[in-house]
Amino acid sequence: MAQQARLLTLRRFGKTIRLYAPLYLSNFCRNTCRYCGFNTLSNFQRTRLTIARALQEADIIASEGFTDLLLVSSEDREFISVDYLVELAGRLREKFSFIAVEVYAMTAAEYGRLFSAGIEGVTLYQETYNRRAYHYYHPAGPKSDYEDRLMAPDRMAAGGMREIGLGVLLGLTDWRAETLALAEHAHYLMKRYWQSHVSFSFPRLRPAFDVDRSQFKHLLSDRNLAQMVMALRLCFADAGLVLSTRERAGLRDNLIKLGVTKMSAGSRTNPGGYSHPGDSTGQFEVNDNRSPADVAAMVRRQGFEPVWKDWDAAFSKG
Ligand code: SF4
């Protein structure tokens, strides 16, 4: 599997790894996801970034070399509204060549508004395709509606999004069944919405504020995670495979050679964390704490090119 996954990835993507950074905008949340430190029942000092503060954070990210930005927020529609995202994207367009969001599920019209404002990708995890587990882990709040979440990628495509990011939260249920369901979902979307590009992320449960890890009976090993990455590559030759700093450095380094095409680096998972690292609570513990420059150097050492901007090769930095 490893050899085939490696060959297929090299053939389709060459020796390149796209780098991106997440920008957390808010940790206010209306949901009660049992695995997440931001859930509405957790008691901690919450933070929201004004547009001015978000721009300051984005400036720091841009100064590190990134032009690919992921705007992340918990379900905080009151403050991180569609209007807020539209305005922020308008102000970020000059500095960032690719902007995506990882926020709450929206309507097709709302996704269309984001796309018109220059946001070209959306990542939204189903978390689990197992309905019973889904209802257990999402007992209340807008996210408790399984069907609504399941249909969100269709709405993204209807809204014109170029990149649709799928994923499950690994560790909630059996990873093999989840991988099969994820693949089926992707297959359906690719057949129906050929204009949009589907990518997969591999978020594995990490220790989080006020979350009891003993409730998770399906935590998977590094070997299982690698197998999942390779299996999805073998099934979807053109799909982007994204790995975040949830994973430790050594594993990330190895998975570059087995199918991963995009990585975050230097991430802060707390709103305002780039300018004030210790001032707010993060969504989960980051595992790979290397700087973006160190991650880029590691990518180069492996014989790959770190790609900060993939629209126009003439502007790429190596
Ligand atoms: S996973 Fe997202 S929606 Fe659920 S509690 Fe955390 S931030 Fe809120």
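Treat the numbers as computed from the prediction; the structure is a model and nothing was measured. (Residues numbered from 1 in each chain as written. Predicted model: local features only at pLDDT ≥ 70, side-chain atom pairs only at ≥ 80, totals over all residues.)

A. Up close: the site of the ligand. By nearness alone, every residue bordering the ligand is listed as Cys 29, Asn 31, Cys 33, Cys 36, Phe 38, Asn 39, Ser 74, Glu 75 and Lys 143. Tallied by class, residues from the shell around the ligand come to four nonpolar, three polar and two charged. (Near = placed C-beta within 6 Å. Nonpolar A, V, L, I, M, F, W, Y, C, P; charged D, E, K, R; others polar.)

B. Representation of helix α8 (residues 175-192). Its 18 residues place the ends of α8 26 Å apart at the C-alpha level, agreeing with the 26 Å of an ideal helix rising 1.5 Å per residue. Of the residues making up α8, those classed as buried are Trp 175, Glu 178, Thr 179, Leu 182 and Ala 186. Down the axis, α8 shows its buried residues gathered within 100° of arc, on one side only. Among the exposed residues of α8, those oriented more than 90 degrees off its buried face are Glu 184, Tyr 188, Lys 191 and Arg 192. (Helix = DSSP H or I, 4+ residues; strand = E, 2+ residues; numbered from the N terminus. Expected span 1.5 Å × (residues − 1). Buried ≥ 20, exposed ≤ 12 C-beta atoms within 10 Å, placed from the backbone. Arc of directions from axis to C-beta.)

C. Structural view of the pairing of strand β5 (residues 163-166). In terms of strand pairing, strand β4 (residues 119-123) meets β5 through three bridges, oriented parallel. Across the sheet, Val 122 pairs through a bridge with Ile 164, a residue of β5. Bridge analysis of β5 against strand β6 (residues 197-201) gives four bridges, and the strand direction is parallel. Bridge pairing in β6 links Gly 165 to Ser 199. For the crossover from β5 across α8 to β6, the handedness is right-handed. (Pairing = 2+ DSSP bridges. Right-handed = clockwise from strand over helix to strand, strands pointing away.)

D. Representation of the pairing of strand β7 (residues 240-243) in the model. Sheet topology places β6 next to β7; three bridges connect them, and they run parallel. Paired with Ser 201 across the two strands is Val 242, which belongs to β7. The handedness of the β6 to β7 crossover, carried by helix α9 (residues 222-235), is right-handed. Pairing analysis gives two bridges linking β7 to strand β8 (residues 262-264), with the strands arranged parallel. Within β8, the position partnered with Leu 243 by the bridge is Met 263. What joins β7 to β8 is helix α10 (residues 249-255), and the crossover it makes is right-handed.

E. Just the packing of α8 against α9, in detail. Their axes nearest at 11 Å, the elements α8 and α9 cross at an angle of 20°. One element, α8, and the other, α9, form an angle in the roughly parallel class. In the packing of α8 onto α9, the handedness of the crossing is right-handed. In this structure, α8 contributes Trp 175, Thr 179 and Ala 183 to the contact, and α9 contributes Asn 224, Met 228, Ala 231, Leu 232 and Cys 235. A class-by-class count of the residues in the contact of α8 with α9 yields six nonpolar, two polar and no charged. (Axes fitted to C-alpha atoms, helices over the stretch in contact; angles between N-to-C directions. Parallel < 35°, antiparallel > 145°, perpendicular 65-115°, else oblique. Left-handed = near helix turned anticlockwise from the far one by under 90°. Contact = placed C-beta atoms within 7 Å.)

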